[in-house]
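One letter stands for each residue in the lines below.
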Amino acid sequence: MALLNLQLKDFRNIAHGRLIPATGINVLIGANGSGKTSILEAIHYLGVGRSFRTHLTGRVIHQGESAFTLFARICQGDDSLPVGLSKTRGGDTRLKIAGRAAERLADLAHILPIQLIHPEGYNLLTGGPKLRRAYLDWGLFYSHSRFFTVWGQYRRLLKQRNALLRQQRPYTELRYWDQQLVTIAEELSLFRQQYAEAIEPVIRSIAADFLPEYDFTFDFFRGWDRQTDLAQVLAQGLERDLGLGYTHSGPHKAEIRIKARGMPVQDLLSRGQLKLLVCAMRLAQGRYLKTESNQDCIFLIDDFASELDEHKRALLAHQLNALGAQVFVSAIDVAQLSQMITRDNSKLFHVKQGEITEHQECE
Ligand SMILES: Nc1ncnc2c1ncn2[C@@H]1O[C@H](COP(=O)(O)OP(=O)(O)OP(=O)(O)O)[C@@H](O)[C@H]1O
C-alpha cells in the first residue's frame, strides 16, 4: 500500500500542488514556511480524517477559499484505488472512494494506515493517558475488524451512564446499563491487553537498537483495579460517580505505563531519547501491521532532524528502510537526510512558497 499520486487544492498555502511519489522514501525540502508540513498534513487528513495541527477545518483551507480538496491514487496489491476528500468552511465533507460516495472517514482510514512522527510527538509519553490509549486503539483498529464496533458501543454506553449519573438516577435504573457496559468493557479491555502484550516485544527490540542503555518495561492498566470485577467497581463506586457526575473507572481510563530503571520514562529520558522511544513505538506498529495483516502503513516524518544527532538519525533511517514502507519526510536541508536516501526508489521534492517541484532521482 502506497500513494501513487497526490493532488492538493487550496490546502494551507498550496493553491494547486501535485506529487508523484516514490513507493519508498520521499524527501520534502524547503525553507521555513514553504509548505512541507502542509503536504504531510494533507496526507494525514486523507488517512485519519483530520489535521494533526488543528481541529478547525477553516484553518487548513487556503485563505480566501471556501473548501480544500485532496485526491490520491492508492496502490493496493495489483490494483489502484482513487480517493478524494473535500471539506468546506461550513463543515461539509465529501468523500469518494473508487468513484463512489463514501460516508465514513473510517473507510478511508482502513485503506490508508498512517503513522506520524513529528517534533511534538514525544507528548505520546509526556502527555495524558488518552494519547497512549489512542496508540493501542490505532493498532486494534487495523488488526481486529470487531474492535471499532466494540469501541463505539462502549463510548455510547458510557455516555448514557454518565447522563443518568448527572440526572441523579437511582441504581435500579443504572443497573441495566451497567450490565451491558461491563460486558463490552471486558471485551474492549481484553483486546487492548492482548495488543499491548503483542506489541511490547516489537517495541523493545527496536528500542534496543535506538536506546541500548535502557531496558524498558511496559505495564498495561485496563482502567480499574486488577483484582476486582468492573461490575463490583461500578456498584461500589456509585456514590462517588453520582457526586462526580461521570464514571470514574473503566476502559476509558486505560493506560500503558512505560518505565526504565524503575522510573517513568517521561521523568528520566531527554527529549531526543523520548523522541527515539516514540519512533520505536511507531515503527513497531508498522512492523506488527505488516507481519500480522500484511498491510503497509505510510510514515510521515516532520522535521526529521529535530532533536536527533547524526548517529540516531542514521539508526532511524536504517529502521525505516528495513521496513520498506512508503515514507514522506521533511527537512530544511537535504544534508540532514543523507542517511535516509539509500534505496533506489527515493524521490526528492523541493517546496517553495507552496509550489512543489520534483527535483531529481535521489540516487
Ligand atoms: N489557511 C492557510 N492559507 C494560506 N496559507 C497558510 C494557511 N495556513 C498556513 N499558511 C501558511 O502556510 C505556510 C506553510 O506552512 P508549513 O507549516 O507547511 O511550512 P513548513 O515548510 O513545514 O515550515 P517549517 O520548516 O518552518 O516547519 C506558512 O507560511 C503559513 O503561514
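What you see is a predicted model, and the numbers here were worked out from it, not measured in a lab.

Here we come to the environment of Gly 24. Note that Gly 24 resides in the loop between β2 (14-19) and β3 (25-29). You can call Gly 24 buried: its relative accessible area is 0%. For the pair Gly 24 and Val 329, spaced 305 residues apart in the sequence, the C-alpha separation amounts to 11 Å.

What follows deals with the sheet that holds strand β9 (residues 216-221). In space, the three strands of this open sheet follow the order β9-β10-β11, with antiparallel pairing throughout. Edge positions in the sheet fall to β9 and β11 (263-264), since each of these pairs with one other strand and no more. Where β9 and strand β10 (residues 255-260) come together, six bridges link them in antiparallel fashion. Paired with Thr 217 across the two strands is Lys 259, which belongs to β10.

What follows concerns the packing of helix α6 (residues 147-166) against helix α7 (residues 171-210). Helix-helix packing is described using two parameters, namely the angle between the two axes and the distance between the axes. Two elements in contact, α6 and α7, have axes separated by 9 Å at closest approach and are oriented at 145°. In this structure, α6 meets α7 at a crossing whose hand is left-handed. Residues Phe 147, Val 150, Trp 151, Gln 153, Tyr 154, Leu 157, Leu 158, Gln 160, Arg 161, Leu 164 and Leu 165 of α6 form the contact with α7, whose participating residues are Glu 173, Leu 174, Trp 177, Asp 178, Gln 180, Leu 181, Ile 184, Ala 185, Glu 187, Leu 188, Phe 191 and Arg 192. Looking at the contact of α6 with α7 residue by residue, the classes come out as 15 nonpolar, three polar and five charged.

A word on the UniProt feature "binding site: ATP" (unreviewed entry) in the protein. Here, UniProt's "binding site: ATP" (unreviewed entry) annotation points to Gly 30, Ala 31, Asn 32, Gly 33, Ser 34, Gly 35, Lys 36 and Thr 37. Mapping Gly 30 onto the fold places it in the loop between β3 and α1 (36-48). Residues in contact with Ala 31, not counting those within four places in the same chain, are Lys 36 and Val 351.

On to the site of the ligand, then. Near the ligand, the surroundings consist of 15 residues, among which Gly 33, Lys 36, Thr 37, Ser 38 and Arg 53 are the closest. Between an oxygen atom of the ligand and a side-chain N or O atom of Lys 36, the distance comes to 2.7 Å. When isolated, the ligand has an accessible area of 660 Å², and the protein chains bury 70% of it. Here the shell around the ligand gets three residues from one element, more than from any other, and that element is α1. Here the residues of the shell around the ligand are counted per class, giving two nonpolar, nine polar and four charged.

Conventions we followed
Residues numbered from 1 in each chain as written. Predicted model: local features only at pLDDT ≥ 70, side-chain atom pairs only at ≥ 80, totals over all residues. Heavy atoms only, no water. Helix = DSSP H or I, 4+ residues; strand = E, 2+ residues; numbered from the N terminus. Buried < 20%, exposed > 50% of the residue type's maximum accessible area, 1.4 Å probe, protein only. Pairing = 2+ DSSP bridges. Axes fitted to C-alpha atoms, helices over the stretch in contact; angles between N-to-C directions. Left-handed = near helix turned anticlockwise from the far one by under 90°. Contact = heavy atoms within 4.5 Å. Nonpolar A, V, L, I, M, F, W, Y, C, P; charged D, E, K, R; others polar. UniProt positions renumbered as here; feature names shortened; annotations may be inferred. Near = heavy atom within 4 Å. Polar contact = N/O pair within 3.5 Å; in protein donor to acceptor, adjacent residues only side chain to side chain. Areas by Shrake-Rupley, 256 points an atom, 1.4 Å probe, with all protein chains shown as cover.

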